[in-house]
Structure formats: C-alpha cells, structure tokens
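Given next are the chains, with one letter for each unit.
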Amino acid sequence: MSTARLKIAQKLKLKKYRDELKLFVAEGLRLCEMASEIEFGFYTADFLKNERAARLVEKVKTCATLYEIPAETFEKISDTKTPQGIILICRQKIFTVEEILQKKLIVALDAISDAGNLGTILRTAEAFNCSVVILENSADIFNSKVVRASMGAIFNLPVVKMTRADFLLTMQNSGVEILAAALDSTAEIYYNHNFKNKSAVVFGSEATGVSTEILNIAKKIYIPMTGRAESLNVATAAAIIISEFFRQN
C-alpha cells in the first residue's frame, strides 16, 4: 500500500533507516531521470503537466510501482523547499574493495562532513572514472543533499566505506601509492608529481585537513596559490588534482 511506503520514504530522511533498509531517496526531474535500482516512487498530478516529466513517469512505471499522491502529502516526504513533484526510492549499490581497486585513481574522503562538498567531489570522481573511499566522520553519501549535489553520480560511482587503518593497510598491500592533499613544507607541487602509478589521493576537511594517521604515511602534494586566500574549497582542490592525474595518463 502507498501509506506503508510513504512511511518508508519519511523514515529515509534519517541515516539510521537508510543504513537499515539499504535504500535512499532521489528527488527532482533531472536526478530521477538518471536513477537506477528503483524500488518505488511518488509523483503529483501537477508534475505530469510537463511533457518531459510525463515521459519519465511512464518510463519508470515499466520497472517500478509509482503512486500519484496529493501535493500536500508530497511536501511531507520532500526534502526540498520547492518540490518538483517526483521522488524515487532507490536501492543502494553495494561495492566491494576489489571493485574499488580496479580503478587507476581512488579518491579517499577523510572527514568531509559538508554534504555539498561531498556530493560535488562524487560528481567529479564519476566524471573522471575514479572510485571513492569514504573514511570516518564524513557525511553519509546517501544523504539527500549529497545525492542532489552528486548530480546522478551516486547511481554509477563505485564507493565503499572504510576505517583509516583498513584503508592504509589495503592500499599498501595492493601496491597503491597513497597521496594526501596538504599544505605542508614537505609537500610537492601537485603537477610536478608523477601520476603514472595507480594512486589513492586523500582529501580532508577544510577545518582540520587530512588526519595525522594518514599524513604520517602518505606522500603530500599541494596546489600553489598566488592570491590572498589561505586555502581552496576542498571540492575545487579535488577537481584540480583529479584532472591533473588524468591529464598525465
């Protein structure tokens, strides 16, 4: 019944239920057009007035159950200020460490708690065919704000969660070079580094940077700046370094 499924949609606003049910919410026309592993969803009558939206609903109905619900009911499960009128409940894809290691560049996120930054980095990682490791104290990748900021990358990007200790051990045992973006006197300018080897680049939060546990082992690289800014936004820094890796390769 739609009532029971509406309750599930509301529960998925909380990480605890996303973890338990292995589901997450995709909301909005563009994001839902890219969705995969769809379990069920909801839309409003007004949403169908748009031809592109109506095509999406017909397409999704061929593989999942969709419920038309009143706008006031939709607003209760929506997580946006101006809902477009469609929400899809999707199954989380579970990846293995072996799948993560298949990519030549692994992006590791260390305590990236800002949902917008995390989602933007996921979008960049997917665009450059990377895999991603989420380390401790980072935002939940299935948080609705992260999902929206990822612009659909969440549906295709290989991602795993690991502790810092497991990450370091796994990379070292697999012969992956560990790099860390860090403003440090011992760091190398990022474009001078030889990125020909399989690598894992760690990005830390703007407040605290990469954890000492990782810095003690990783080779440090940095982005030189000539302006007055003390540092770059972490999502911007990630885009610069990731693009340089693929320029060299």
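These remarks concern the structure in this document. Nothing here was measured: the structure is a model prediction, and the numbers come from that model.

Right, let's talk about the sheet that holds strand β4 (residues 86-91) for a bit. A sheet is described by the order of its strands in space; here 4 strands give the open sequence β1-β4-β2-β3, paired in mixed fashion. Sheet topology places β1 (23-27) and β3 (65-68) at the edges, where each strand pairs with a single neighbour. Averaged over all neighbouring strand pairs, the angle between strand axes comes to 20 degrees, with direction disregarded. Bridge count between β1 and β4: 5 bridges; the pairing is antiparallel. Bridging across to β4, leucine 23 finds its partner in arginine 91. Sheet contacts for helix α1 (residues 2-11): β1, β2 (38-43), β3 and β4; angle to β2, the most-contacted strand, approximately 100 degrees. Contacts from helix α4 (residues 51-60) reach β2, β3 and β4 within the one sheet, and its direction differs from that of β4 by about 35 degrees.

Here the focus is the sheet that holds strand β11 (residues 219-222). Pairing in this open sheet of 7 strands is parallel, and the strands run β7-β6-β5-β10-β8-β11-β9 from one edge to the other. The open sheet has two free edges, formed respectively by β7 (159-161) and β9 (188-189), since each of these has just one partner strand. In terms of strand pairing, strand β8 (residues 177-181) meets β11 through 3 bridges, oriented parallel. Across the sheet, alanine 180 pairs through a bridge with lysine 220, a residue of β11. Running at roughly 175 degrees to strand β5 (residues 105-110), helix α7 (residues 115-127) makes contact with β5 and β6 (131-134) of the sheet. The strands that helix α11 (residues 234-248) touches are β5, β8, β10 (199-204) and β11; relative to β10, the one it contacts most, it runs at about 165 degrees.

This part takes up the pairing of β11. As paired strands, β9 and β11 are joined by 2 bridges and run parallel to one another. Of the residues in β11, the one forming a bridge with glutamate 188 is isoleucine 221.

In this section: the packing of aromatic side chains. One pass over the full model with this rule turns up 8 aromatic pairs. Feature note: the residues Phe128, Phe195, Phe245 and Phe246 constitute an aromatic cluster, connected by ring pairs.

The next thing to look at is the packing of α7 against α11. Remark: α7 packs on α11, axes separated minimally by 9 Å, with the N-to-C direction vectors making an angle of 15 degrees. The pairing of α7 with α11 is recorded here as roughly parallel in orientation. Judged by the twist between their axes, the crossing of α7 over α11 is right-handed. Note on element contacts: α11 touches α7 through Val234, Ala235, Ala238, Ala239 and Ile242, opposite Asn117, Thr120, Ile121 and Thr124. The class makeup of the residues in the contact of α7 with α11 is 6 nonpolar, 3 polar and no charged.

Scoring rules and cut-offs
- Residues numbered from 1 in each chain as written.
- Predicted model: local features only at pLDDT ≥ 70, side-chain atom pairs only at ≥ 80, totals over all residues.
- Heavy atoms only, no water.
- Pairing = 2+ DSSP bridges.
- Helix = DSSP H or I, 4+ residues; strand = E, 2+ residues; numbered from the N terminus.
- Axes fitted to C-alpha atoms, helices over the stretch in contact; angles between N-to-C directions.
- Contact = heavy atoms within 4.5 Å.
- Phe/Tyr/Trp six-rings, centres within 6.5 Å; stacked < 30°, edge-to-face > 60°.
- Parallel < 35°, antiparallel > 145°, perpendicular 65-115°, else oblique.
- Left-handed = near helix turned anticlockwise from the far one by under 90°.
- Nonpolar A, V, L, I, M, F, W, Y, C, P; charged D, E, K, R; others polar.

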